[in-house]
Amino acid sequence: MSLTTQITGFVQNVVNAMGIALTVNVEETSDGTRINLEGEEGGVLVRRGGEGLQALQHIVATAFRKQLGDDNRIVIDCNGFRKDKDAELRQMAGFIAEKARSSGIPQEMGPLNPYERRIVHLAIAEDPSVTSESIGDAFMKTVIISTKK
Amino acid sequence: MAAPDGSGNTGNPIKEVVEVIARALVDHPESVRVTETDRRGTMVLSLTTAPGDMGKIIGRQGRTAAALRTLVALTAEKYGKRVQLDIRD
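Residues numbered from 1 in each chain as written. Chains lettered and ligands numbered in written order. Predicted model: local features only at pLDDT ≥ 70, side-chain atom pairs only at ≥ 80, totals over all residues. Heavy atoms only, no water.

Caption draft 1: Focus on the environment of B:Thr70. Relative to the helices and strands, B:Thr70 resides in helix α3 (residues 63-78). With relative accessibility at 19%, the residue B:Thr70 sits in the buried group. (Helix = DSSP H or I, 4+ residues; strand = E, 2+ residues; numbered from the N terminus. Buried < 20%, exposed > 50% of the residue type's maximum accessible area, 1.4 Å probe, protein only.)

Pasting the structure below:
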């Protein structure tokens, strides 16, 4: 049984146990595997800033850490909630980079969790005129976006 | 409804959430036990594992336990219950 099948089966078991009717679809993207949960009852996972989705994501990453290794990324989405959030975050990173460029003053973004920081760093890396770094030593860190010297 | 994890447990959905998740996290899933008691109208679920497995449930800085509690709370809310999860070590 492939790892993706195992993970999909586990996610299905958890949502079934939670009593939420959702279908589980797998999508392979250039940025790893996305597991998309779809259905009208998805609100349970999405409310309060996607707290349930984030918890499920953490449980899956922890339970399958050894099999996944460092290079395989699994993202769990529900009714496109995460996708929209990611797009919003990339757009916000673009605005803040523009502000850093026009003012010449480094700009702060966050605090962000590791997943969000990765999205911001990847978005900023596409623009050769700016650079980003995380500061802090807690789980949530602030990202500083500044112009490259 | 048949238990999706094949455990034969069809009773309490909230307990089942704890069992399904805990078994996936530990090295000895056969040792995962969840017992249910009632404390003044609140359902109390006590989770025990094999001795070396508790750290896996708790996680770094308690993050895995926090994620488990979040999913338990969402399930409890859905069923209109008050639930407390005791993680026993």
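What follows continues from the structure just given.
Caption draft 2: Layout of the side chain of A:Thr8. Checked against the element boundaries, A:Thr8 lands in helix α1 (residues 3-17). Here A:Thr8 is in contact with A:Val24, A:Val26 and A:Ile35, once residues within four sequence places are set aside. (Contact = heavy atoms within 4.5 Å.)

Caption draft 3: View of the pairing of strand β5 (residues 130-135) of chain A. Residue and element names in this part refer to chain A. In this sheet, strand β6 (residues 141-147) lies alongside β5 in antiparallel orientation, the contact comprising 6 bridges. When the bridges of β6 are listed, Val130 appears paired with Thr147. The antiparallel hairpin formed by β5 and β6 contains 5 residues in its connecting segment, where Gly136 sits at a positive phi of about 115°. (Pairing = 2+ DSSP bridges.)

Caption draft 4: Representation of the interface of chain B and chain A within the structure. At the junction of the two partners, chain B supplies 21 residues and chain A supplies 23 residues. Together chain B and chain A conceal approximately 1900 Å² of surface at their shared face, both sides included; 69% is due to carbon and sulfur atoms. Where chain B touches chain A, the interface holds 3 salt bridges. The partner of A:Arg47 in a salt bridge is B:Glu77, with the nearest N and O atoms 3.2 Å apart. Linking chain B with chain A are 4 residue pairs in polar contact (both at pLDDT 80 or more), by the criterion used here. Taken together, the elements giving at least two residues each to the side of chain B that touches chain A come down to α1 (13-25) and α3 of chain B. With 10 residues, α3(B) is the largest single contributor of residues to the side of chain B that touches chain A. A per-class count over the side of chain B that touches chain A returns 12 nonpolar, 3 polar and 6 charged. (Buried area = accessible area lost by both parts, 1.4 Å probe. Salt bridge = Lys/Arg side-chain N within 4 Å of Asp/Glu carboxyl O. Polar contact = N/O pair within 3.5 Å; in protein donor to acceptor, adjacent residues only side chain to side chain. Nonpolar A, V, L, I, M, F, W, Y, C, P; charged D, E, K, R; others polar.)

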